[in-house]
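The residues making up each chain are set out below.
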Amino acid sequence: EEDEAEAEEAEDEAEDTETDERAEEEAEAEDTETDERAEETPEMSPLVEQVQEMAGAGAVILSEGDLNGDGKTEVMAFVGSDVVPSGTFADPAYVDYRIVASSLVIGQEGEEGAVCLLRVTPDRITSKGEILLSFAVPSSEHFSQPTAFLTRYQEGGPMPLSVIPLKPTGGRYMQGIGFAWDEATEQYRLIMAVPMP
């Protein structure tokens, strides 16, 4: 009986050792997999980081590349909005307007860090600090300005970015606005009343 008890105890110890070894192997495999995933995650470029900071909290990178065709890299970022576009924009003609943004920024690397080539906010639109359009104008009763921008981005075209300013209710605040790069001034210029469906 003593021999049987010793044999059972030895078997239990062997099972425990095997279980511990399997657990250690699984843990090592998980650690290795986690390390590999971390290594695969690409680091953000300094320009992307600077444009994200420039755009503000919650900014999402929309595009990175030579957006304006000047041979330099630009980064476009936007901050989302919870404004829901009105039923008018459910028309298939607006299918390319996929983003509802509260603000947008296009930045490019300069001699002393990122330069803001374009900024679109509910207050104004600026290019390199110059005001292209101010929304903060008096209406009949109070100051009126858009709350969000229904946004279309098309890479490689002469007008890669266009927006439709929206009211808080999701309706159109004004006609669409397009943006094209002006090589002479090295700034974005507005193309007002972009053709809409």
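Anyway, here's the lowdown on the structure attached to this text. It should be emphasised that the depicted structure is a prediction, and the values quoted were computed from it without experimental measurement.

## Let's talk about unusual backbone geometry
Among all residues save glycine, negative phi is the norm, and among peptide bonds the norm is trans.
Here is step 1 of the chain: Positive phi, close to 55 degrees, is recorded for Lys128, a residue that is not glycine.
Here is step 2 of the chain: Mapped onto the elements of the fold, Lys128 is located in the loop between β5 (124-127) and β6 (130-134).
Here is step 3 of the chain: With a relative accessible area of 40%, Lys128 lands in the partly exposed category.
Here is step 4 of the chain: One non-glycine residue, Glu186, adopts positive backbone phi at about 55 degrees.
Here is step 5 of the chain: Position of Glu186 among the secondary structure elements: in the loop between β11 (176-182) and β12 (187-194).
Here is step 6 of the chain: For Glu186, a relative accessible area of 47% puts it in the partly exposed group.

## What about the pairing of strand β10 (residues 161-166)?
Here is step 1 of the chain: For β10, the tally of buried residues reaches six of six residues, placing the bulk of the element in the interior.
Here is step 2 of the chain: Alternating residues of β10 divide into Leu161, Val163 and Pro165 and Ser162, Ile164 and Leu166, and every residue in both groups is buried.
Here is step 3 of the chain: Here six bridges tie strand β9 (residues 148-153) to β10, and the two strands are oriented antiparallel to one another. Looking at β10, one finds that Tyr153 is bridged to Leu161.
Here is step 4 of the chain: Bridge count for β10 against β11 is three bridges, and the pairing is antiparallel.

## Focus on the packing of aromatic side chains
Here is step 1 of the chain: Counted according to the given criterion, the structure contains five aromatic pairs.
Here is step 2 of the chain: Members of the aromatic cluster, connected to one another through ring pairs, are Phe89, Tyr94 and Tyr97.

## Overview of the nonpolar core
Here is step 1 of the chain: Formed by 20 residues in total, the largest nonpolar core has its most connected members in Leu104, Ile106, Leu118, Phe179 and Tyr188.
Here is step 2 of the chain: Contributing elements (two or more residues each) for this core: β2 (74-80), β3 (97-110), β4 (113-120), β9, β10 and β11.
Here is step 3 of the chain: With four residues, the top contributor of residues to this core is β3.
Here is step 4 of the chain: Not counting residues within four places of it along the chain, the set of residues in contact with Phe179 comprises Leu118, Val120, Ile125, Pro158, Met159, Pro160, Leu161, Ser162, Val163, Tyr188, Arg189 and Leu190.
Here is step 5 of the chain: Ranked by size, the runner-up nonpolar core spans eleven residues in total, among them Val48, Met54, Ala55 and Ala77.

## Re the side chain of Ser162
Here is step 1 of the chain: Structurally, Ser162 can be placed in strand β10.
Here is step 2 of the chain: Within polar-contact distance, the side chain of Ser162 engages the side chain of Tyr97 at 3.4 Å.

Conventions we followed
Along each chain, the written sequence defines residue order, and numbers are assigned to residues from 1. Where local features are concerned, this predicted model is filtered to residues with pLDDT of at least 70; where side-chain atom pairs are given and counted, the filter is 80 or more; whole-chain, interface and lining totals use all residues. Side-chain numbers come from the whole structure's heavy atoms, not from hydrogens or water. In this text, helices come from DSSP runs of H or I with a minimum length of four residues, and strands from runs of E with a minimum of two, each type numbered from the N-terminal end. Partly exposed describes any residue whose relative accessible area lies between the buried limit of under 20% and the exposed limit of over 50%, with all areas from a 1.4 Å probe on protein chains only and scaled to the type maximum. One bridge is not enough; two strands pair if DSSP finds at least two bridges between them. Two rings belonging to Phe, Tyr or Trp (six-membered ring only in the last case) form a pair when the distance between their centres is within 6.5 Å. Interplanar angles under 30 degrees mark stacking, angles over 60 mark edge-to-face geometry, and anything in between is tilted. Here the nonpolar core consists of buried residues drawn from Ala, Val, Leu, Ile, Met, Phe, Trp, Tyr and Cys, with membership extended through side-chain atoms lying within 4.5 Å. The contact criterion used is simple: two residues touch if any of their non-hydrogen atoms lie within 4.5 Å. Throughout this description, a polar contact denotes any pair of N or O atoms lying within 3.5 Å of each other; where both atoms belong to protein, one of them has to be capable of donating a hydrogen while the other can accept it, and for residues adjacent in sequence the pair is counted only when both atoms sit in side chains.

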